[in-house]
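Structure at a glance
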2 protein chains.
Amino acid sequence: MFDFKYYTPTKVIFGKNTESRVAELIREFGGTKVLIHYGSGSVMRSGLLQRVTDTLDAAGIGYVTLGGAVPNPHLGLVYEGIELCKKENVDFLLAVGGGSALDSAKAIGYGVANGGDVWDFYDYKRTAEGCLPLGVILTIAATGSEMSDSSVITKEEGLVKRGYSSDYGRCKFAIMNPELTMTLPDYQTACGCTDIMMHTMERYFTNGGNMEITDAIAEGLLRTVKKNALILKDNPKDYDARAEVMWAGSLSHNGLTGCGNDGGDWMTHKLEHELGGLYDVAHGAGLAAIWGSWARYVYKDCLPRFKKFALNVMGVADQGSDEEIALRGIEAMEDFYRSINMPTNLRELGVEPTEEELVLMAKKCAIGVGGEKGSAKVLDEKAMLAIYRASM
Amino acid sequence: MFDFKYYTPTKVIFGKNTESRVAELIREFGGTKVLIHYGSGSVMRSGLLQRVTDTLDAAGIGYVTLGGAVPNPHLGLVYEGIELCKKENVDFLLAVGGGSALDSAKAIGYGVANGGDVWDFYDYKRTAEGCLPLGVILTIAATGSEMSDSSVITKEEGLVKRGYSSDYGRCKFAIMNPELTMTLPDYQTACGCTDIMMHTMERYFTNGGNMEITDAIAEGLLRTVKKNALILKDNPKDYDARAEVMWAGSLSHNGLTGCGNDGGDWMTHKLEHELGGLYDVAHGAGLAAIWGSWARYVYKDCLPRFKKFALNVMGVADQGSDEEIALRGIEAMEDFYRSINMPTNLRELGVEPTEEELVLMAKKCAIGVGGEKGSAKVLDEKAMLAIYRASM
């Protein structure tokens, strides 16, 4: 068991119509001039953005808006947001949307509070010493960014996708109304469920430390998301299922499911990041497409955890050798992905990289992680390439 | 499913030798002059207090000390602490000990920050509008006060034991080193495990709302504490078991195991509070002595939850009627209490109230909860008396 820090200061306001409390919460955390940052037009079409600005108008809180955050949010828009904040003397950031708008807002916050080129933080060159306070009205359950310390930004030049983590980037508040996620396309809902499960699975498949209570929470979370993802496939407007998945999304990535271990494996995420940088695929689908190949490559080096996962999460029968049980667990997970229309390889994901592109992704991935990384099994560039090839 | 707020801003620093970071943490949260509040002499005998003051000396942080906090901490000492803080211009409270020292410190913090008589808050007459910032070095895993918003104080006059909850009373940091709990007497360890389980069970046995992920977390927590309480009975110095129980103690009472429900039942706690006020028994043992009688009185009105508890926590076989399964779950829980030398009735607890005292406790309990209370089953004064009688 490893020592750990657990720090989740975000005030979560969860339930129906909770977005009506946004002005009160901004005021509680000292905001007087807000940048409202959002992504696609859906928050406009649904009337959510209008309701938010009406609420701020009524409360006498000033604001400017910046739309256009895209999945794998781009650095260019971050720079634009930083300039806008400076020009308008913004002192609070409100993201309205999913992880894309929120991660973009976090990067804007780092840029305004620290000066210099904000990409430095994502390029491991500097450490942030602050961030504009920020809050979120969440409309997509997926990235867990609403309670996490992390954000991921893509630099358009060279399509470099990198993450940065800092306690300064933790939201002051997160407004989470499951009803706001009901209009998501099925594909995006499934991608979100995959991303949520992966945030806990990355922490679960380790060779470093373990804690029974953390495992029990992780396994319970995974079973819950698995069950409710299937419910949502048939009944996308099931409130309780939306709520289960939404709350799981926060708990899967706020640190709770990693307490006591070595920090997790994270190589499926790292491998997907290069894919996402090159192809702009949906993050969750990219993770699903890679995971099986990663799991088959590493499971023998992390057998007790893969066996535990098979038994306690996937409900595999406790029969046969540990390897057989572990493999049946991996197969059951892939079956689950297929059952919610997620891909289990790159072809199903809809991309067909050339051998040169696979080599390039492995190379970029190895550079991105500083040579080699992983806890279930340490992967070097050669291993990364082997997994990319196996995922074709 | 109910809407909920989830707010756990306490920075938890968990692991070996983490108390060495106390000065750094006090400084991070702005403390310059500290009241170190502790309970029994054990923190002096163990050398912990000396190490803490050495650390503050080395960091140049001023402090005064106040010992003497007792289980069911007394209002008199709280008043003394408030005067000491005012006299010495204390701006940060550091509790070193368990829930008694910490709850006493919270009350001191309310008193200093709000003025007037601090008992008003515990007597439901006023609402706190602030609290001195406070942190804790935890030496007993039990009350969960290190991450909760609650504190419990006993007024000596009439032995009135009351709780008060406010987000202002949440710790800025909690230093949790499982090694510091290794020297606890076995009885106190068992009391702590009971209290921890009860904090989650109070939230679990409800008729209002439910959330699958909350249930999965609650059940996993209960199984973990149950297993590790038995390990600690034989090996009180087992680090991993101490750590599992200590972290469970925080998670059981920080709100996590109640997300989505109606706030919980809490009648076992309320019934024990009157007992604790009258007899000064250990809180955990008091809860164990009452729970079985409470459970048998209410289970038919909360059958689905008692059945789920029997199957998923106590491992009872899924055979027979729901009532039979529920009853076997209650029996299994009482067997567990006995196995860690906890009482399952008042006689085993070592107290034998007269009929007049039972009537008095029921009357005080009913007044304390405003007439009637409970979620598994709403209890009035008559019901409370029946449970007290059954627990003899």
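Another point: the interface of chain B and chain A. With 30 residues of chain B in contact, the opposing surface of chain A contributes 30 residues. Mapped onto the side of chain B that touches chain A, the elements with two or more residues apiece are strand 1 (4-14), helix 8 (212-234) and helix 9 (239-251) of chain B. With ten residues, strand 1 of chain B is the largest single contributor of residues to the side of chain B that touches chain A. Considered class by class, the residues forming the side of chain B that touches chain A number 17 nonpolar, five polar and eight charged. In the sheet, strand 1 (residues 4-14) of chain A pairs with strand 1 of chain B via seven bridges, with the strands oriented antiparallel. What sits directly across from F4 of chain A, in strand 1 of chain B, is F14 of chain B.

On to the relation of the copies chain B and chain A, then. Each of the two chain copies can be generated from the other by rotation about an axis followed by a shift along it. Mapping chain B onto chain A calls for a rotation angle of 180° and an axial translation of 0.0 Å; the resulting RMSD is 0.0 Å. Both copies of the chain, as the preceding transformation shows, are related through a two-fold rotation axis. Distance from the rotation axis, computed per C-alpha, reaches its smallest value in chain B at P9 of chain B: 1.9 Å. Interface residue correspondence from chain B to chain A reaches 100%, placing this contact among same-surface, isologous pairings.

This paragraph deals with the domain arrangement of chain A. Residues and elements named next belong to chain A. For chain A, the assigned domains read domain 1 (11-180) and domain 2 (184-390). Its C-alpha centre places domain 1 at a distance of 26 Å from the equivalent point of domain 2. Every contact between the two is made by 20 residues of domain 1 and, on the other side, 27 residues of domain 2. Elements with a contribution of two residues or more to the side of domain 1 that touches domain 2: strand 1 and strand 7 (160-165). Counting residues per element, the side of domain 1 that touches domain 2 draws most heavily on strand 7, at three residues. Of the residues in the side of domain 1 that touches domain 2, the class split is eleven nonpolar, five polar and four charged.

Membership of the largest hydrophobic core comes to 266 residues, with the highest contact counts inside it found for V96 and V245 of chain A together with V96 and V245 of chain B. Each residue touching V96 of chain B, except ones within four places of it in the same chain, is listed here: I36, Y38, V43, L48, L49, V52, A101 and I137 of chain B.

What follows deals with helix 3 (residues 48-59) of chain A. For helix 3 of chain A, which comprises twelve residues, the first-to-last C-alpha distance of 17 Å matches the rise-based estimate of 16 Å (1.5 Å per residue) to within 8%. Phi turns positive, to about 70°, at G60 of chain A, one or two residues after helix 3 of chain A.

The subject of this paragraph is helix 7 (residues 186-204) of chain A. Between its first and last C-alpha atoms helix 7 of chain A spans 27 Å; for 19 residues at 1.5 Å apiece the expected length is 27 Å, and the two agree. Most of helix 7 of chain A sits inside the fold, with 16 of its 19 residues counted as buried.

When the pLDDT values of chain A are averaged, the result is 96; 100% of them are 70 or greater. Both confidence scores are given for the complex: pTM 0.96, ipTM 0.95.

Once that is clear, we can look at the packing of helix 11 (residues 283-298) of chain B against helix 13 (residues 322-339) of chain B. Residue and element names in this part refer to chain B. Two numbers describe how helix 11 lies on helix 13: the axes approach to 10 Å, and their chain directions differ by 175°. The angle between helix 11 and helix 13 places the two elements in the roughly antiparallel class. Taken together, the residues of helix 13 that come into contact with helix 11 (itself represented by A288, G292, A295 and R296) are I330, E334 and Y337. Partitioned by chemical class, the residues of the contact of helix 11 with helix 13 number four nonpolar, one polar and two charged.

Okay, unusual backbone geometry next. The backbone phi angle of N17 of chain A is positive, close to 60°, even though this residue is not glycine. As for its placement among the helices and strands, N17 of chain A is situated in the loop between strand 1 and helix 1 (22-28). Residue classification places N17 of chain A among the exposed residues on the basis of 12 C-beta atoms within 10 Å. Positive phi, normally seen in glycine, also occurs at N89 of chain B, with a value near 55°. With respect to the helices and strands, N89 of chain B occurs in the loop between helix 4 (75-88) and strand 4 (92-97).

Cut-off values and rules
Residues numbered from 1 in each chain as written. Chains lettered and ligands numbered in written order. Predicted model: local features only at pLDDT ≥ 70, side-chain atom pairs only at ≥ 80, totals over all residues. Contact = placed C-beta atoms within 7 Å. Helix = DSSP H or I, 4+ residues; strand = E, 2+ residues; numbered from the N terminus. Nonpolar A, V, L, I, M, F, W, Y, C, P; charged D, E, K, R; others polar. Pairing = 2+ DSSP bridges. Least-squares fit on C-alpha atoms with pLDDT ≥ 70 in both. Domains from an automatic or database assignment. Core = buried A, V, L, I, M, F, W, Y, C linked by C-beta atoms within 7 Å. Buried ≥ 20, exposed ≤ 12 C-beta atoms within 10 Å, placed from the backbone. Expected span 1.5 Å × (residues − 1). pLDDT = per-residue confidence, 0-100. Axes fitted to C-alpha atoms, helices over the stretch in contact; angles between N-to-C directions. Parallel < 35°, antiparallel > 145°, perpendicular 65-115°, else oblique.

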